[in-house]
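Overview (structure and organization)
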Amino acid sequence: MRNTKSTPVLALLTLQLFIWPAACADEAGELLLFAEDVGRWITGTMVKTESGIAWPDDALAPADVGYDLASGVSGKVVYFVALYRATGKQEYLGYAKHGADYLISVLRDPAQFDGNERRSSLYAGVAGIGVAMLHVRAETSEAKYATAVEDVVTLLDEWSTRDDNGVHWSGQFNDLLYGDAGTVLFLAQVAALDGDARILEMARQGAHVLMSRAVDDADGRYWLFRRDKDFNLPNFSHGTAGIVYVLATVGKLTGDDALIRGAKAGFEYVRSIAQVDENRLRIPYGWGSETWEGLYEFGWAHGLAGSAAMFERLQQADIDARHANEMLALARSTLVDLGLPGTPVEPFAEPSTALDLRFGRAGVLSLASCWAAQHPDDGKVIELRDALLRHIQSAAIRDVDTAHWRVDAPAFMGGGRAAYTGLFHGAAGIGLALLNAHASMVQKAHYADLPDNPF
């Protein structure tokens, strides 16, 4: 079995500065081999179909195959494209294309989406298929993948509902994961890549409907997770931080001052609920359930890693950049001083799943890696990245040349033992975080272009 333990970069810098380039290259090479081991494990779970290759959402429940970006085939396609970009090995692009062929067969039967309230969404619907197709389209000249992107946009156009404010898709969800915010963000990404004014206008109108659904507050404006329940989850995945990111993105692309003002108002609300103590930033998990009272998390979905993405996007769009920079600096100093990868300092809580991209440490690893690429002289950020790497690698289950992780799934995810393969909770997402770390080590751009990654 290959030794996958990494060498602390800071120790090498301190003790043997003159050999840093070679040592860092060795560490980056070992990390890339480990990411390939993750890819080999995912391929070993594959299910062959008439239309292409699919992978189960959970290797321990091989009959359950989803198409979505969060847990399904779309997320695995993104990972294999990223692995191809990192290694140049055609076999990984081949797996990605086979998975994309399966997704094309899903798109050919849109009736299967009938009754699915999340069918248009970024992480649970066809917009996520579109993200996977954009990744494959970028690496091949085969027209079917470009056509599939167009087919996704056509479906979203057909499924849209128009009102006085613009267009919308979901009857319930506002948010980035399941709702209209994620749909708008995907359309904005396609429009920016293709220079398509019609698609950008669809995104702009969708953003205006989101604006109309805001709740006015004395200190700004916020958005509920869903319109049929009084759940205020203000962080990135289900609430105001994610919607601010979308409004800032579309406002910047279109020059729409109303959207820019909306993003600023949402940001002002987030600032108003933020708590700062001894240079540590805390943003509440949310309101609407007693179990959320006094709860603070560090991850992408409900914690500082996700909110930091919003702060980054506000800076890029020059929307209240001074305050965005202040909040970003607080988020960074909090995360590097939080005790990770071990138990987070109080009052921050251990998330539902400890390692993954959505709730856990892989989400922080991905962010820290992007920060390390931005600030290569920031020793604390690099130390956090490397500590998280070692922790995540040591938690892997190894079998010769494969690597994966198993978890005790919380009740809201079905409970029981699971070996997830997908982007949010499984091997593809953790692998993508590893690849982001590799990119920062070798000073390359990250290998996957997810629309909610500001870097």
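Residues numbered from 1 in each chain as written. Predicted model: local features only at pLDDT ≥ 70, side-chain atom pairs only at ≥ 80, totals over all residues. Heavy atoms only, no water.

Some thoughts on the overall build of the protein chain
When its secondary structure is counted, the protein chain shows 15 helices and 12 strands. At 21 Å, the protein chain has a C-alpha radius of gyration in line with the 23 Å of a compact globule built from 455 residues. Reported as C-alpha extents along the three principal axes, the dimensions of the protein chain are approximately 65 × 60 × 40 Å. Counting over 455 residues, the protein chain shows a buried share of 60%. For the protein chain, the accessible area works out to roughly 17,400 Å², and carbon and sulfur atoms hold 48% of it. Treating the 39 positive side-chain charges of the protein chain as one cloud and the 58 negative ones as another, the clouds have centres 2 Å apart. (Helix = DSSP H or I, 4+ residues; strand = E, 2+ residues; numbered from the N terminus. Rg over C-alpha atoms; globule rule 2.2 N^0.38 Å. Buried < 20%, exposed > 50% of the residue type's maximum accessible area, 1.4 Å probe, protein only. Areas by Shrake-Rupley, 256 points an atom, 1.4 Å probe, with all protein chains shown as cover. Lys, Arg positive; Asp, Glu negative; His and termini not counted. Charge placed at Lys NZ, Arg CZ, Asp CG, Glu CD.)

Some details on the packing of helix H3 (residues 73–87) against helix H4 (residues 90–107)
Contact pair H3 / H4: the axes reach a minimum separation of 8 Å and the direction vectors enclose 160°. Looking at the two axes, H3 sits roughly antiparallel to H4. The hand of the H3/H4 crossing is left-handed. Contacts from Val73, Ser74, Val77, Phe80, Val81, Leu83, Tyr84 and Thr87 in H3 reach Gln90, Tyr92, Leu93, Tyr95, Ala96, Gly99, Ala100, Tyr102 and Leu103 in H4. For the contact of H3 with H4, the class distribution of residues is 13 nonpolar, 4 polar and no charged. (Axes fitted to C-alpha atoms, helices over the stretch in contact; angles between N-to-C directions. Parallel < 35°, antiparallel > 145°, perpendicular 65-115°, else oblique. Left-handed = near helix turned anticlockwise from the far one by under 90°. Contact = heavy atoms within 4.5 Å. Nonpolar A, V, L, I, M, F, W, Y, C, P; charged D, E, K, R; others polar.)

Considerations on unusual backbone geometry
Residue proline 341 is bonded to the preceding leucine 340 through a cis peptide linkage, with omega at 15°. Locating proline 341 in the fold gives a position in the loop between helix H12 (321–336) and helix H13 (361–374). Glutamate 346 connects to proline 347 through a cis peptide bond whose omega is 5°. Mapped onto the fold, proline 347 is located in the loop between H12 and H13. One non-glycine residue, aspartate 320, lies in the positive phi region at around 45°. With respect to the helices and strands, aspartate 320 occurs in the loop between helix H11 (304–316) and H12.

Things to note about the confidence of the model for the protein chain
Residues at a pLDDT of 70 or more form 95% of the protein chain, whose mean pLDDT is 94. Below a pLDDT of 50 lies the segment residues 1–20, which in the model reaches 30 contacts outside its immediate sequence neighbourhood of four places, other chains included. (pLDDT = per-residue confidence, 0-100.)

Describing the pattern of salt bridges
Two side chains with opposite charge may pair up if their charged atoms get near one another. Summed over the entire model, instances satisfying the criterion amount to 22 salt bridges. The shortest N-O distance in the salt bridge between lysine 97 and glutamate 142 comes to 2.5 Å. With lysine 97 in helix H4 and glutamate 142 in the loop between helix H5 (126–137) and helix H6 (143–159), this residue pair connects regions lying 45 residues apart in the sequence. Of the residues examined, glutamate 142 reaches a relative accessible area of 31% and is grouped as partly exposed. (Salt bridge = Lys/Arg side-chain N within 4 Å of Asp/Glu carboxyl O.)

Overview of the environment of tyrosine 222
Relative to the helices and strands, tyrosine 222 resides in strand S6 (residues 220–222). Of the residues examined, tyrosine 222 reaches a relative accessible area of 17% and is grouped as buried. Through-space distance from the C-alpha of tyrosine 222 to that of threonine 240 is 5.4 Å; in sequence the pair is 18 residues apart. Residue contacts for tyrosine 222: discarding those within four places in its chain leaves Ala214, Val215, Asp217, Asn232, Thr240 and Tyr269.

A closer look at the environment of leucine 31
With respect to the helices, strands and loops of the structure, leucine 31 is situated in helix H2 (residues 20–44). A residue is classified by how much of its surface remains accessible, and leucine 31, at 3% relative accessible area, is buried. Sequence separation between leucine 31 and glutamine 393 is 362 residues, and the spatial gap between their C-alpha atoms is 9.2 Å.

Focus on H12
Taking 1.5 Å per residue as the helical rise, H12 with its 16 residues ought to reach 22 Å, and the 22 Å between its terminal C-alpha atoms agrees with that figure. Of all the positions in H12, only His323, Ala324, Met327, Leu328, Leu330, Ala331, Arg332, Thr334 and Leu335 are classed as buried. Those residues of H12 that are buried lie in contact with helix H10 (257–273), strand S7 (275–277), strand S8 (280–282), H11, H13 and helix H14 (379–394). (Expected span 1.5 Å × (residues − 1).)

Topic: the packing of aromatic side chains
A full pass over the atoms with the stated rule returns 20 aromatic pairs. Between phenylalanine 173 and tyrosine 178, the ring centres sit 5.7 Å apart and the planes meet at 70°, which makes this aromatic pair edge-to-face. For the pair phenylalanine 173 and tyrosine 178, one class covers both residues: buried. For the ring pair phenylalanine 236 and tryptophan 300, a centre distance of 5.6 Å and an interplane angle of 75° mean the geometry is edge-to-face. Remark: tryptophan 300 occurs in the loop between S8 and H11 and phenylalanine 236 occurs in the loop between S6 and helix H9 (240–254); sequence separation between them is 64 residues. Members of the aromatic cluster, joined through ring pairs, are Tyr123, Phe236, Tyr245, Trp300 and Phe424. Here the guanidinium or amino end of arginine 119 rests over the ring plane of tryptophan 159, the centre of that ring lying 4.2 Å away. (Phe/Tyr/Trp six-rings, centres within 6.5 Å; stacked < 30°, edge-to-face > 60°. Lys NZ or Arg CZ within 6 Å of the ring centre and 35° of its normal.)

Let's talk about H4
The terminal C-alpha atoms of H4 lie 25 Å apart, and with 18 residues this matches the ideal 26 Å at 1.5 Å per residue to within 8%. Every buried residue belonging to H4 is among Tyr92, Leu93, Ala96, Gly99, Ala100, Asp101, Tyr102, Leu103, Ile104, Val106 and Leu107, and all of these are buried.

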